[in-house]
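# Remarks on the overall topology
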Amino acid sequence: MDTVTRPRILVVGAGFAGVECVRRLERRLAPDEAELTLVTPFSYQLYLPLLPQVASGVLTPQSVALSLRRSERYRTRIIPGGAIGVDLRSKVCVVRIVNGEIVNEPYDYIVLAPGSVTRTFDIPGLTDHAFGMKSLAEAAYLRDHVITQLDLADACHDPAERASRLQFVVVGGGYAGTETAACLQRLTHAAVKRYPRLDPGLIKWHLIDIAPKLMPELGEKLGRSAHEILTRRGIEISLGVSIEKAGAEEVTFTDGRVVPTRTLIWTAGVVASPLIATLGAETVRGRLAVNADMCLPGHDGVFALGDSAAVPDVAKGDGAVCPPTAQHALRQGRHVAENVIATLRGRPTRPYVHRDLGLVVDLGGTDAVSKPLGFELHGLPAQAVARGYHWSALRTGVAKTRVMTNWLLNAVAGDDFVRTGFQTHRPGNLRDFEYLDAYLTPEQVRAHVEEAGRAAR
């Protein structure tokens, strides 16, 4: 085939699903079979489950950012930017590249794996004062912020200000929130020993969630075990409670309590990327409605997977959809690549089927709860399973080496509690990191594509 006439396969998103799809396509397709393009704002794959350990300083940021440009073997063209709209009729993806320019990227086949963004609600002050835990920048910023609070508390003379700087609130009793609270509590517990003027009893961590149980997916026994571990560490857990309003120096809970704090961490779930809304297609709770083979009904050559797609969970049945977990995203990425290849070669696609392998929750140190293949574990065995799973899931040998070295070094030498000071004069809240105002409406996408078409003529 001539290079110009090769089918163009465009993959949007470099998360677990997108990267697995691209790598499988590279291995299974001959260079002359298709042209591969990946749209991503950053040229790395983020290993999201380990972000709490980045925030707590157990791992360095680089160890969980797996470079997409490291190997010279890969032939996929990377467009450094974010997809802000898709015109399904014209088969064009609108991309804002890193220099701010908006370009149209045509495709013959598109794989939509843009991931998710933090789910927020209409709570006064939330996006202005809360911190997220969805990106590498947020995790690194949060570590700096927490250590800064200890420094400022040590320097200030006002008892009320000191107390507010030493109280921390985490909203969200799922995996992200629980691991974040657990890991950061260990950070402050260890760090305060280096501040002789600070009373360790003033440091208080609050973990709240509107649900009646902590991590209900773990089951009654393991969920209770995790609850007991965190309570024993001094973390105050409040269930059936959320945030009524957030301010710069205090947070009001829905049960009426007012907690003076300068640190509100919001991890109360995720929603599909706003890119999905630009398609004008049917959605299920914000996620793109697709068939079991991850094809978009009524649109040839359009596939969607991961957090932004409501992929039917054939293994469970009863209309269930796959949860937005790394485990499913990895396997969906490989499977959708095979379906793209099948479509390209005129063969039938296959439905995605995968039985859940279990859950792992790392609470830091020797504390963990895990449920591999239905077996309930806690303590050191659960920690070994949790870290073993994450280590094996890392895509490259370099990443495995970095993570293992970080774990060993932290276990032997501890933390230096260094505050880097970056972004000292600029807040790093939810509003700053997610760029939700960057996306177009379906009408704007269509108008942009048509205007570009007229200009080209």
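Residues numbered from 1 in each chain as written. Predicted model: local features only at pLDDT ≥ 70, side-chain atom pairs only at ≥ 80, totals over all residues. Heavy atoms only, no water.

### A word on the overall build of the protein
Secondary structure summary: the protein contains twelve helices and 25 strands in total. C-alpha atoms of the protein, sized along the principal axes, occupy 70 × 50 × 45 Å. Classification of the 457 residues of the protein by burial places 50% in the buried group. Pairs at least 24 residues apart make up 68% of the contacts formed inside the protein by residues separated by at least 6 positions. Accessible area of the protein: about 20700 Å², with a carbon and sulfur share of 54%. Averaged over its 52 positive side-chain charges, the protein has a centre that lies 5 Å from the centre of its 49 negative ones. (Helix = DSSP H or I, 4+ residues; strand = E, 2+ residues; numbered from the N terminus. Buried < 20%, exposed > 50% of the residue type's maximum accessible area, 1.4 Å probe, protein only. Contact = heavy atoms within 4.5 Å. Areas by Shrake-Rupley, 256 points an atom, 1.4 Å probe, with all protein chains shown as cover. Lys, Arg positive; Asp, Glu negative; His and termini not counted. Charge placed at Lys NZ, Arg CZ, Asp CG, Glu CD.)

### Observations concerning the sheet that holds strand E12 (residues 204-209)
As summarised here, the arrangement of the five strands in space is E10-E17-E11-E12-E13, forming an open sheet in which the pairing is parallel. Sheet topology places strand E10 (130-131) and strand E13 (235-239) at the edges, where each strand pairs with a single neighbour. The sheet contacts of helix H7 (residues 220-232) involve E12 and E13, and relative to E13 the element is tilted by about 135°. (Pairing = 2+ DSSP bridges. Axes fitted to C-alpha atoms, helices over the stretch in contact; angles between N-to-C directions.)

### Digging into the UniProt feature "domain: FAD/NAD(P)-binding" (unreviewed entry) in the protein
Following the UniProt record, one finds the feature "domain: FAD/NAD(P)-binding" (unreviewed entry) at residues 8-333. From the first C-alpha to the last, residues 8-333 spans 18 Å; its make-up is 27% helix and 28% strand. (UniProt positions renumbered as here; feature names shortened; annotations may be inferred.)

### A look at the sheet that holds strand E20 (residues 287-289)
In spatial order, the strands read E19-E20-E22; together these three strands make up an open sheet with mixed pairing. Each having just a single partner strand, strand E19 (283-284) and strand E22 (309-310) make up the two edges of the open sheet. Where E20 meets E22, two bridges bridge the pair, whose relative direction is parallel. Residue pairing in the sheet places Leu288 in a bridge with Ala309 of E22.

### A short note on the state of the cysteines
Tallied over the entire structure, the rule returns zero disulfides. The cysteine Cys93 is free of any disulfide, with Cys21 supplying the nearest cysteine sulfur at 14 Å. (Disulfide = S-S within 2.5 Å.)

### Focus on empty space enclosed by the protein
Counted under the stated rule, the structure contains three cavities of 30 Å³ or more. For the largest cavity, the calculated volume is near 50 Å³. Mapped by element, the contributors of at least two residues to the lining of the largest cavity are helix H1 (16-28) and strand E3 (44-46). A class-by-class count of the residues in the lining of the largest cavity yields seven nonpolar, one polar and two charged. (1 Å grid on protein atoms, 1.4 Å probe; cavity = no way out; pocket = protein on both sides within 12 Å on 5 of 7 lines; lining within 4 Å. Points joined across faces, edges and corners; volume = space filled by probe spheres on them. Nonpolar A, V, L, I, M, F, W, Y, C, P; charged D, E, K, R; others polar.)

### Section: the packing of helix H4 (residues 136-155) against helix H6 (residues 175-191)
One way to put it is that H4 packs onto H6 with a least axis distance of 11 Å and a crossing angle of 35°. Remark: the crossing between H4 and H6 carries right-handed chirality. Here Leu142, Arg143, Val146 and Leu150 of H4 come into contact with H6, specifically with Leu184, Leu187, Thr188 and Ala191. (Left-handed = near helix turned anticlockwise from the far one by under 90°.)

### Focus on the environment of Thr343
Tracing the backbone through its elements, the reader meets Thr343 in helix H8 (residues 326-344). Spatially, the C-alpha atoms of Thr343 and Thr60 are 41 Å apart, while their sequence positions differ by 283 residues. The residues touching Thr343, leaving out its near neighbours within four places in the chain, are Tyr109, Phe303 and Thr349.

### Examining the nonpolar core
Core analysis: the largest hydrophobic core is formed by 111 residues, its most contacted members being Leu25, Val86, Ile110 and Leu112. In this view, Val86 contacts Val92, Cys93, Tyr107, Ile110, Leu112, Leu275, Thr278, Leu279 and Val445; residues no more than four positions away in its chain are not counted. The next biggest cluster of nonpolar side chains, apart from the first, holds 16 residues, and it includes Leu126, Val171, Ala246 and Phe253. (Core = buried A, V, L, I, M, F, W, Y, C linked by side-chain atoms within 4.5 Å.)

### So, the pattern of salt bridges
The full count for this structure, using the stated rule, is 19 salt bridges. Glu20 serves as the salt-bridge partner of Arg334, at 2.9 Å between the closest nitrogen and oxygen. Remark: Glu20 occurs in helix H1 and Arg334 occurs in helix H8; sequence separation between them is 314 residues. Here Glu20 falls in the buried class, since its relative accessible area comes to 10%. Each of Arg24, Arg28 and Glu338 takes part in a single network of salt bridges with overlapping partners. (Salt bridge = Lys/Arg side-chain N within 4 Å of Asp/Glu carboxyl O.)

### Observations concerning the packing of H1 against H8
Each pair of packed helices can be described by the angle between their axes along with the distance between the axes. It is the contact of H1 with H8, at a shortest axis distance of 7 Å, that shows an interaxial angle of 35°. In terms of crossing hand, the pair formed by H1 and H8 is right-handed. When H1 is examined against H8, the residues Phe16, Ala17, Glu20, Cys21, Arg24, Leu25 and Arg28 are found in contact with a partner set consisting of Ala326, Ala329, Leu330, Gly333, Arg334, Val336, Ala337, Glu338, Val340 and Ile341. For the contact of H1 with H8, a count of residues per class yields eleven nonpolar, one polar and five charged.

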